[in-house]
Amino acid sequence: EEEFYAGRPVLTVNRVGAGQAFYMGACSGPEFYRHWLSDVCKQCGAAPALPPVEGVEVTERENENGTFLFVLNHNETPALQPLSAPCRDLLGGARYEAGDSAALPAKGVMILERIV
């Protein structure tokens, strides 16, 4: 409503083939982006590899040997990462069941293998 944003769209979408691109014409706060991205992910059927934990990064990789989760705690304090499937910690050897939480030390790293 102010400055060069006045009278312009806040958000537009351009559909191309099976995909879509969003254009944001606003500066908003983290809470807005968190909710908006959550809605976009739900609409697209995208889901996190593990339940989100503030300051913890999870990357999933899959190959012919299985599915692996790289879990990095960027926090200066320990974090508990809930697990949604049985896993084995390849660095520490611990085994987890679905519903367990893995304890990550401050700045800690885990490599988890999903057990099928």
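These numbers were taken from a predicted model, which means no experiment stands behind them.

Chemist: I'm lost on the overall build of the protein chain in this one. Help?
Modeler: Summing up its helical and strand segments, the protein chain has one helix and nine strands in all. Counting from the amino terminus, helix and strand elements in the protein chain follow one another as β-β-α-β-β-β-β-β-β-β. Computed over C-alpha atoms, the radius of gyration of the protein chain comes to 19 Å, more than 25% over the 13 Å expected from 2.2 N^0.38 for 116 residues, which places it beyond the range of a compact globule. By principal-axis analysis of the C-alpha atoms, the protein chain measures approximately 60 × 35 × 20 Å. With 116 residues in all, the protein chain has 21% of them scored as buried. Nonlocal contacts in the protein chain, meaning residues at least 24 apart in sequence, comprise 38% of its contacts between residues at least 6 apart. For the protein chain, the exposed surface amounts to about 8,200 Å²; the carbon and sulfur share of it is 55%. For the protein chain, the centre of its 9 positive side-chain charges and the centre of its 15 negative side-chain charges are spaced 4 Å apart.

Chemist: How should I be thinking about the sheet that holds strand β6 (residues 87-89) in this particular structure?
Modeler: Hydrogen bonds along the backbone pair up the strands of a sheet, which may run parallel or antiparallel. Read from one edge of the open sheet, five strands run β3-β4-β9-β6-β7, paired in antiparallel fashion. A strand with exactly one partner marks an edge of an open sheet, and here the two such strands are β3 (56-63) and β7 (95-96). As defined by bridge partners, β6 adjoins β7 across two bridges and the pair is classed as antiparallel. By the bridge assignment for β7, Cys87 is matched with Tyr96.

Chemist: It is not clear to me how helix α1 (residues 30-44) should be interpreted in this structure. Could you clarify?
Modeler: What sets the pattern is the α-helix's 3.6 residues per turn: residues three or four places apart point alike. With 15 residues, α1 extends 21 Å between its outermost C-alpha atoms, agreeing within 8% with the 21 Å of an ideal straight helix rising 1.5 Å per residue. One or two steps after α1, the chain reaches Gly45, where phi turns positive at roughly 80°.

Chemist: For this particular structure, what's the right way to read the pairing of strand β8 (residues 101-104)?
Modeler: Residues in a regular strand point their side chains to alternate faces of the sheet. By the alternation rule, side chains of β8 split into Ala102 and Leu104, which are all buried, and Ser101 and Ala103, of which none is buried. Pairing of strand β5 (residues 79-82) with β8 involves four bridges; the strand directions are antiparallel. Its bridge partner being in β8, Pro82 is matched across the sheet by Ser101.

Chemist: Before we go on, may I ask you to explain the pattern of salt bridges in this structure?
Modeler: Any two side chains of opposite charge can pair, so long as their charged atoms come close to each other. All chains considered together, the criterion is met by four salt bridges. Note that Arg34 and Glu31 form a salt bridge whose closest N and O atoms lie 2.8 Å from each other. Placement of the pair is Arg34 and Glu31 together in helix α1, with a separation of three residues, close to one helical turn. In this structure Glu31 comes out as partly exposed when scored by relative accessible area, which is 44%. The partner of Lys107 in a salt bridge is Glu76, with the nearest N and O atoms 3.5 Å apart. Placement of Lys107 in the loop between β8 and β9 (109-114) and of Glu76 in the loop between β4 (66-73) and β5 is noted, with a sequence separation of 31 residues between them. By relative accessible area, Lys107 is classed as partly exposed at 48%. Judged by its relative accessible area of 63%, Glu76 falls in the exposed class.

About the thresholds
Residues numbered from 1 in each chain as written. Predicted model: local features only at pLDDT ≥ 70, side-chain atom pairs only at ≥ 80, totals over all residues. Heavy atoms only, no water. Helix = DSSP H or I, 4+ residues; strand = E, 2+ residues; numbered from the N terminus. Rg over C-alpha atoms; globule rule 2.2 N^0.38 Å. Buried < 20%, exposed > 50% of the residue type's maximum accessible area, 1.4 Å probe, protein only. Contact = heavy atoms within 4.5 Å. Areas by Shrake-Rupley, 256 points an atom, 1.4 Å probe, with all protein chains shown as cover. Lys, Arg positive; Asp, Glu negative; His and termini not counted. Charge placed at Lys NZ, Arg CZ, Asp CG, Glu CD. Pairing = 2+ DSSP bridges. Expected span 1.5 Å × (residues − 1). Salt bridge = Lys/Arg side-chain N within 4 Å of Asp/Glu carboxyl O.

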